[in-house]
Amino acid sequence: MKYDWVIVGAGLTGATLAERLASQRGARVLVVERRRHLAGNAYDHPNPEGLLVHRYGPHIFHTQSREVFDYLSRFTAWRPYVHRVLAEIQGRRVPLPFNLNTLHALYPRRLAERVEEKLVARFGHGARVPILKLKTADDPELAELAAFVYQNVFLGYTRKQWGLAPEELDPAVTGRVPVVVARDDRYFADPYQALPAEGYTRMVERMLAHPRIHLLLGADFKEIEGELRFDRLIYTGPIDAFFDYLHGPLPYRSLRFVWATHRTPAVQPVAVINYPNEHPFTRTTEYKHLTGQESPFTAISYEYPEAHEPGRNEPYYPIPREENRLRYRAYQKEAQKLKHVFFAGRLADYRYYNMDQAVARALKLFRELP
Ligand code: FAD
Ligand code: UDP
């Protein structure tokens, strides 16, 4: 059969584009996915004890975009959920992002009060200050606070997660978890925060359940390309792989997940605990807190960061820094030469997108497609 569009990748980017093309343009679409399941890295599934877990790490939906939230709401109901994270610092579990509650938990009272006043005077109440910006503060007590937060929250975690120090990455990376000048413990400040009531996989199944969308799972596009007949292509996999690493491989960071199930209702008080300093893993996730499931069992995952090696592990994170952006631009130039191929998604754009940004990017590309 001949298709109007082939879409490589059944993650949120591919699913959004397939859904739009089939439903709004009457296009015949084939989605080719290397893995044997839908939803890309947002994939969730019941484990042997029936607990819904996220195979590729905790995925918490949050967005400022009404458009994205309304769009996805066509395919799922939502479970309200506000993400709160604890970090183990100096043997204590304290709220993260580092906020005024964290300050008061870790500092002696008088000092905490003085530093709070200075933070409010310098940045304003409610400000969200990236650590690399706080580090430039002149005031000795603010500089002291910045050094403390840098050392205890960011340095060890970032070295583990990326194999790099915070300064070796785009400031936006550590800026994702700013110092919050308020007693606000939420990990995300976005107005829309929720999890799909029946999970991400179910949501993506509904997006793709259209008679003009065909699915080919467990198939690598590179291996079957010659057998497919289609007019146009959307590619959401790694852009360097598409061009057979013509300009050298783009670096990605990978993770190794270790899973444990315990016969006890809960092992930690919140969904995610970060370990900036101790242990070789960065964080543990107990999925029940995300799903609200009740069970005598509980499932948790440990995340061990590692370098990405194509074929051995998954390219989970593009590594945002200048030298990688330059290499990406060389691939982008190749991409612009191809008039019938379009690139979008976390791997094809080589951008550290959250799920809502991947959907927003796909909706934007849809509006621009010929
Ligand atoms: P992907 O989900 O990566 O989908 C691309 C798909 O293309 C993959 O399924 C891949 O198998 C397929 N593919 C690649 N090459 C080929 C090929 N040659 N042939 C066929 N198929 C191919 N976002 C949030 O908003 N909140 C979170 O809490 C959050 N947590 C995260 C935690 C982790 C550990 C990770 C790694 C990411 C997290 N994200 C989170 C980001 C989120 O996963 C992404 O924004 C989103 O999944 C991107 O969707 P995508 O479709 O662009 O890419
Ligand atoms: N980060 C950190 N310590 C923490 C949490 C985050 O140093 O306890 C830094 C680290 O560099 C991390 C980045 O902030 O990679 C972004 O954190 P986020 O929780 O957004 O990462 P993700 O959920 O995307 O893995």
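Here the structure is a predicted model, which means the values were calculated and not measured.

Conventions used here
- Residues numbered from 1 in each chain as written.
- Chains lettered and ligands numbered in written order.
- Predicted model: local features only at pLDDT ≥ 70, side-chain atom pairs only at ≥ 80, totals over all residues.
- Heavy atoms only, no water.
- Helix = DSSP H or I, 4+ residues; strand = E, 2+ residues; numbered from the N terminus.
- Rg over C-alpha atoms; globule rule 2.2 N^0.38 Å.
- Buried < 20%, exposed > 50% of the residue type's maximum accessible area, 1.4 Å probe, protein only.
- Contact = heavy atoms within 4.5 Å.
- Areas by Shrake-Rupley, 256 points an atom, 1.4 Å probe, with all protein chains shown as cover.
- Lys, Arg positive; Asp, Glu negative; His and termini not counted.
- Charge placed at Lys NZ, Arg CZ, Asp CG, Glu CD.
- Arc of directions from axis to C-beta.
- Axes fitted to C-alpha atoms, helices over the stretch in contact; angles between N-to-C directions.
- Parallel < 35°, antiparallel > 145°, perpendicular 65-115°, else oblique.
- Left-handed = near helix turned anticlockwise from the far one by under 90°.
- Nonpolar A, V, L, I, M, F, W, Y, C, P; charged D, E, K, R; others polar.
- Salt bridge = Lys/Arg side-chain N within 4 Å of Asp/Glu carboxyl O.
- Pairing = 2+ DSSP bridges.
- Near = heavy atom within 4 Å.
- Polar contact = N/O pair within 3.5 Å; in protein donor to acceptor, adjacent residues only side chain to side chain.

Chemist: Quick one: what's the story with the overall build of the chain, residue by residue and with numbers?
Modeler: Regarding its fold elements, the chain presents 13 helices and 19 strands. The C-alpha atoms of the chain give a radius of gyration of 22 Å, which matches the 21 Å a tight globule of 370 residues would have. Viewed in the frame of its principal axes, the chain has a C-alpha envelope of about 75 × 50 × 40 Å. Per-residue burial for the chain yields a buried fraction of 57% across its 370 residues. Looking at the chain alone, contacts between residues at least 24 apart form 73% of all its contacts between residues at least 6 apart. Only carbon and sulfur atoms are counted for the fraction: they give 50% of the accessible area of the chain, which is about 16,600 Å². With 51 positive and 43 negative side-chain charges, the chain shows a separation of 2 Å between the mean positions of the two kinds.

Chemist: Requested: an account of helix H2 (residues 66-73), with residues and values cited.
Modeler: The set of residues buried in H2 consists of Val68, Phe69, Tyr71 and Leu72. One side of H2 carries all its buried residues, which in axial view fall inside an arc of 165°. On its buried side, H2 packs onto helix H1 (12-25), strand E5 (61-63), strand E6 (78-80), strand E11 (192-196), helix H8 (200-208) and helix H13 (355-368).

Chemist: Let's hear about the packing of H1 against H8: which residues, and what values?
Modeler: Helix-helix packing is described using two parameters, namely the angle between the two axes and the distance between the axes. Contact geometry for H1 and H8: axes closest at 8 Å, N-to-C directions at 30°. When the axes of H1 and H8 are compared, the pair comes out roughly parallel. Crossing geometry of H1 relative to H8 is assigned as left-handed. Side by side, H1 and H8 meet where Leu12, Ala15, Thr16, Ala18 and Glu19 of the first sit next to Met203, Val204, Met207 and Leu208 of the second.

Chemist: Give me the lowdown on the packing of H1 against H13, citing residues and values where you can.
Modeler: Where H1 meets H13, the axes come as close as 8 Å, and the angle between the chain directions of the two elements is 35°. For the crossing formed where H1 meets H13, the hand is right-handed. Along the contact surface, H1 presents Leu12, Thr13, Thr16, Leu17, Arg20, Leu21, Gln24 and Arg25, while H13 presents Met355, Ala358, Val359, Ala362, Leu363, Leu365 and Phe366. Of the residues that constitute the contact of H1 with H13, the class distribution is 10 nonpolar, 3 polar and 2 charged.

Chemist: Describe the pattern of salt bridges, with residues and values.
Modeler: Pairing between side chains of opposite charge can happen when the charged atoms of each approach one another. Within this structure, the stated rule accounts for 27 salt bridges. For arginine 20, the salt bridge is made with glutamate 19, and the minimal N-O distance between the two is 2.7 Å. Summarising the burial analysis for this pair, arginine 20 and glutamate 19 share the class buried. Its salt-bridge partner being arginine 367, residue glutamate 67 comes within 3.0 Å of it at the nearest N-O pair.

Chemist: Describe in detail the sheet that holds E6, supporting the description with residues and values.
Modeler: The antiparallel open sheet is built from 3 strands, whose spatial order is E5-E11-E6. Each end of this open sheet is capped by a strand with a single partner; those strands are E5 and E6. Across the sheet, the mean angle separating the axes of adjacent strands is 40° when strand polarity is ignored. Against the sheet, H2 touches E5, E6 and E11, its axis set at about 140° to E5.

Chemist: So what about the pairing of strand E14 (residues 252-262)? Which residues, and what values?
Modeler: By the bridge criterion, 2 bridges tie E14 to strand E18 (residues 317-318) in an arrangement that is antiparallel. Bridge pairing links arginine 253 to tyrosine 317 in E18.

Chemist: Break down the site of ligand 2 for me, with residues and values.
Modeler: Around ligand 2, the structure places 16 residues, and the nearest of them are Trp162, Arg176, Tyr187, Tyr317 and Tyr352. One of the backbone N or O atoms of valine 153 is found 2.9 Å from a nitrogen atom in ligand 2. Here an oxygen atom of ligand 2 sits 2.8 Å away from a polar atom, N or O, in the side chain of tryptophan 162. Here ligand 2 loses 94% of its free accessible area of 520 Å² to cover by the protein chains. Elements supplying a minimum of two residues to the shell around ligand 2: helix H6 (140-162) and helix H7 (171-175).

Chemist: Summarise the sheet that holds strand E8 (residues 92-96); cite the residues concerned and give the values.
Modeler: Across the sheet, which stays open at both edges, the 7 strands sit in the order E8-E7-E15-E16-E17-E14-E18 with mixed pairing between neighbours. For this open sheet the edge positions go to E8 and E18, each flanked by a neighbour on one side alone. In terms of strand pairing, strand E7 (residues 85-89) meets strand E15 (residues 272-274) through 3 bridges, oriented parallel. Residue pairing across strands places leucine 86 opposite isoleucine 273, the latter belonging to E15. Most of the contacts of H6 go to E14, to which it runs at about 100°, and overall it touches E7, E8, E14, E15, strand E16 (283-286), strand E17 (298-307) and E18.

Chemist: So what's going on with the site of ligand 1? Residues and values would help.
Modeler: Residues in close proximity to ligand 1 total 32 residues, the closest being Thr13, Glu33, His59, Ile60 and Met355. Here an oxygen atom of ligand 1 and a side-chain polar atom of threonine 13 are 2.7 Å apart. Contacts to ligand 1 include aspartate 220, whose side-chain N or O atom sits 2.9 Å from a nitrogen atom. Look at ligand 1: alone it shows 1,000 Å² of surface, and the protein chains cover 96% of it. Residue assignment for the shell around ligand 1 shows that the elements contributing at least two residues are H1, strand E2 (29-33) and H13. Of the residues that constitute the shell around ligand 1, the class distribution is 16 nonpolar, 10 polar and 6 charged.

The values are spatial; any link to function lies outside them.
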